[in-house]
Amino acid sequence: MSTEHLVGPAEVRQSYQRVSERVANAAIRSGRRPEDVLMVAVTKNASPDQIRTLVDLGHTDLGENRVQQLTQRAAQLEEYLSRRRSLGNAVEGEAHPVPERVRWHMIGHLQRNKVKQVVPVVDLIHGVDSLRLAEELHAFGARTDQVIDILMQVNVSGEVSKHGVAAPAAIHVAEQIDTMMHLRLRGIMCMAPFTENSDETRSVFSRAASVYHDIRSERIGGNDFTVLSMGMSNDFEIAIEEGANVIRIGRALFGEADPNDDN
Ligand SMILES: *Cc1c(COP(=O)(O)O)cnc(C)c1O
């Protein structure tokens, strides 16, 4: 991790406000309310200070794509929050009380041997990209007597470099996941290809939205199936216009990654 960040607390506050406004406008443009779109702040290249700044603003949803960093950061932040709470949560002059708790999202590819480390720490696993991973999660859920919230990652663009269930197989895989009692299928996750061509991006998001609606109209996942997670710093407005209700934002909040980082 880099410790030097050009983007300090004041800039993070400003970026957060600016991104929130753009999210709200895109939601309204697509006939929804600003609060209908959840922003997951992706902290993979953020400093602990930057994360605390966001949480101090009352932000609750954070995402990581690496297991080790996720568990470390969740522990660090929990310590910070409990310190803040023990101060009575009433630091003079603070506009926002610290959140009761934050929610961590695992947004990256999850290896099956990391399931037991991740599940206890996260609220939602976005990248369930195969039946084998779903089965591993289900077995862990059964062993620990819990129901695990997941999204099925769908590879809409068909790029071989991308993880995810192929779009034509999505309904079938969703049906199978839906039979696993220790999993709760909450929706799907999708990533757009790296491209400057916004028509191409829009077309991928639009196809992801139709996969989402197909699964929903089959009533797979029942009333729990409500999440369409797509859109990052470069393309979140297009994603929201195409129906995303969860977006995952890193660079637009925290700045570009340090080129010396390997993230
Ligand atoms: C890094 C990452 C993001 C955030 O990307 P930015 O371009 O920094 O907003 C979102 N989703 C996944 C899966 C990621 O790995």
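For clarity, every value in this text was computed on a predicted model and none was experimentally measured.

A. Region of the structure containing the UniProt feature "modified residue: N6-(pyridoxal phosphate)lysine" (unreviewed entry) in the chain. Mapped onto the present numbering, the UniProt feature "modified residue: N6-(pyridoxal phosphate)lysine" (unreviewed entry) falls at K44. One can find K44 in the loop between β1 (38-42) and α2 (48-56). With relative accessibility at 27%, the residue K44 sits in the partly exposed group.

B. Region of interest: empty space enclosed by the protein. For the structure on display, the rule yields one cavity of 30 Å³ or more. The volume enclosed by the largest cavity comes to roughly 70 Å³. What lines the largest cavity is P48, I51, R52, R73, Q76, L77, Y80 and W104. Going through the elements one at a time, α2 and α3 (67-86) are the ones with two or more residues in the lining of the largest cavity. For the lining of the largest cavity, the element with the highest residue contribution is α3, accounting for four residues. Residue classes in the lining of the largest cavity are distributed as five nonpolar, one polar and two charged.

C. Focus on helix α1 (residues 9-29). Over its 21 residues, α1 runs 30 Å from end to end, which matches the ideal 30 Å to within 8%, given 1.5 Å per residue. Buried within α1 we find V12, S15, Y16, V19, V23, A24, A26 and A27. Looking at the buried side of α1, the elements it contacts are β1, α2, α8 (236-241), β9 (246-249) and α9 (251-254). Residue G31 follows α1 closely and has a positive phi angle near 75°.

D. A look at the packing of helix α6 (residues 170-178) against helix α7 (residues 198-217). One can describe the packing of α6 onto α7 by two numbers: an axis separation of 10 Å at closest approach and a directional angle of 45°. Overall, the two elements α6 and α7 adopt an arrangement that is oblique. Handedness of the crossing formed by α6 with α7: right-handed. Counting all contacts with α6, which are made through A170, I171 and A174, the residues of α7 involved are V211, D214 and I215. Each residue belonging to the contact of α6 with α7 can be placed in one class, and the counts come to five nonpolar, no polar and one charged.

Each value, and the rule that gives it
Residues numbered from 1 in each chain as written. Predicted model: local features only at pLDDT ≥ 70, side-chain atom pairs only at ≥ 80, totals over all residues. Heavy atoms only, no water. UniProt positions renumbered as here; feature names shortened; annotations may be inferred. Helix = DSSP H or I, 4+ residues; strand = E, 2+ residues; numbered from the N terminus. Buried < 20%, exposed > 50% of the residue type's maximum accessible area, 1.4 Å probe, protein only. 1 Å grid on protein atoms, 1.4 Å probe; cavity = no way out; pocket = protein on both sides within 12 Å on 5 of 7 lines; lining within 4 Å. Points joined across faces, edges and corners; volume = space filled by probe spheres on them. Nonpolar A, V, L, I, M, F, W, Y, C, P; charged D, E, K, R; others polar. Expected span 1.5 Å × (residues − 1). Contact = heavy atoms within 4.5 Å. Axes fitted to C-alpha atoms, helices over the stretch in contact; angles between N-to-C directions. Parallel < 35°, antiparallel > 145°, perpendicular 65-115°, else oblique. Left-handed = near helix turned anticlockwise from the far one by under 90°.

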